[in-house]
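Next come the chains, spelled out residue by residue.
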Amino acid sequence: MTRYTRVASALHWLIALAILANFVFGTWMVDLDLSPAKLRYYSYHKWLGVSVFLLVLVRIAWRLGHRPPALPAHMPGWERVAAGVSHVALYGLTLAVPLSGWLFSSAKGFKTVYFAVIPIPDLLAKNPPLADVLKLWHLSLNYVMALLVLLHVAAALKHHFMDRDDVLVRMWPFDRSGSGAKS
């Protein structure tokens, strides 16, 4: 069995955990009453979103230089196409969701200062009507990504428990002894 590299696996799981945390956190904080705490939570949410965006860029750069393991030979053609399309969509959404949040924050007139140290330039001038549209886009893209992530997890579990192939374990970060994976 050939596994993903340790770097690819670490980036995959780090990004997945960061996205899950930020999705849950964002869903929770959005309905809070306006307060200094809520504004601070928005800063944390944006910091994590910027971090996800940067990690995904690193992941894409890594992927361009390191081919993933081949899909199992027994996979039907439609599954291969679905896997390819879903991976491209996931990469696109992991960039589009933070970007839509950045655009929304810019149009709303709230500056992002990464970790309260590095100011990130606004992509748009303050524009409240556009901010309302971008808020809806950000929310919608998040739910589309959540649905696609659930399908991704379901497919990995199907491969592991029904097909009994190595699709899941080749990305699994634990028990990498004898895997042949390189850093």
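Here is a short report on the structure shown in this document. (Residues numbered from 1 in each chain as written. Predicted model: local features only at pLDDT ≥ 70, side-chain atom pairs only at ≥ 80, totals over all residues. Heavy atoms only, no water.)

Next up on the list: the overall build of the protein. Assigned secondary structure in the protein consists of four helices and two strands. Dimensions of the protein, computed from the C-alpha atoms along their principal axes, are close to 50 × 30 × 25 Å. When each of the 183 residues of the protein is scored for burial, the buried share is 33%. Accessible surface, the protein as shown: approximately 11,200 Å² in total, 73% of it carbon and sulfur. Counting 18 positive and 9 negative side-chain charges, the protein places the centres of these two groups 7 Å from one another. (Helix = DSSP H or I, 4+ residues; strand = E, 2+ residues; numbered from the N terminus. Buried < 20%, exposed > 50% of the residue type's maximum accessible area, 1.4 Å probe, protein only. Areas by Shrake-Rupley, 256 points an atom, 1.4 Å probe, with all protein chains shown as cover. Lys, Arg positive; Asp, Glu negative; His and termini not counted. Charge placed at Lys NZ, Arg CZ, Asp CG, Glu CD.)

A few words on the nonpolar core. L11, I15, A18, I19, V52, V56, L90, L93, V97, L141, M145 and L148 form the largest nonpolar core, which has 12 residues in total. Residue assignment for this core shows that the elements contributing at least two residues are α1 (6-29), α2 (36-65), α3 (77-108) and α4 (128-163). For this core, the element with the most residues is α1, which contributes four residues. Residue contacts for L90: discarding those within four places in its chain leaves L148, V149 and H152. (Core = buried A, V, L, I, M, F, W, Y, C linked by side-chain atoms within 4.5 Å. Contact = heavy atoms within 4.5 Å.)

By the element assignment, T94 lies in helix α3. For T94, a relative accessible area of 9% corresponds to the buried category. Ignoring sequence-local partners within four residues, the contact set of T94 consists of I19, V52, V56 and M145.

The next thing to look at is the packing of α3 against α4. For any two helices packed against each other, the geometry comes down to the angle between their axes and how far apart the axes lie. The contact between α3 and α4 brings their axes to 8 Å, and the two run at 155 degrees. As judged from the angle between their axes, α3 and α4 are roughly antiparallel. The element α3 and its partner α4 pack so that their crossing is left-handed. A per-class count over the contact of α3 with α4 returns 17 nonpolar, nine polar and five charged. (Axes fitted to C-alpha atoms, helices over the stretch in contact; angles between N-to-C directions. Parallel < 35°, antiparallel > 145°, perpendicular 65-115°, else oblique. Left-handed = near helix turned anticlockwise from the far one by under 90°. Nonpolar A, V, L, I, M, F, W, Y, C, P; charged D, E, K, R; others polar.)

Taken N-terminus to C-terminus, the directions of α1 and α4 make an angle of 135 degrees; their axes are 12 Å apart at the nearest point. Put simply, α1 runs oblique to α4. Crossing of α1 over α4 shows left-handed handedness. Contacts from H12, I19, F23 and T27 of α1 reach α4 at N142, Y143, M145, A146 and H152. Class assignment for the residues of the contact of α1 with α4 results in five nonpolar, four polar and no charged.

Here we take up α1. Between its first and last C-alpha atoms α1 spans 34 Å; for 24 residues at 1.5 Å apiece the expected length is 34 Å, and the two agree. Along α1, the residues that are buried comprise A8, S9, L11, H12, I15, A18, I19, N22, G26 and M29. On its buried face, α1 is in contact with α2, α3 and α4. (Expected span 1.5 Å × (residues − 1).)

All right, on to the environment of G49 then. You can see G49 is positioned in helix α2. Taking the C-alpha atoms as reference points, G49 and T94, separated by 45 residues in sequence, lie 9.4 Å from one another. Ignoring anything within four residues of it in the chain, the contact list for G49 reads N22 and P98.

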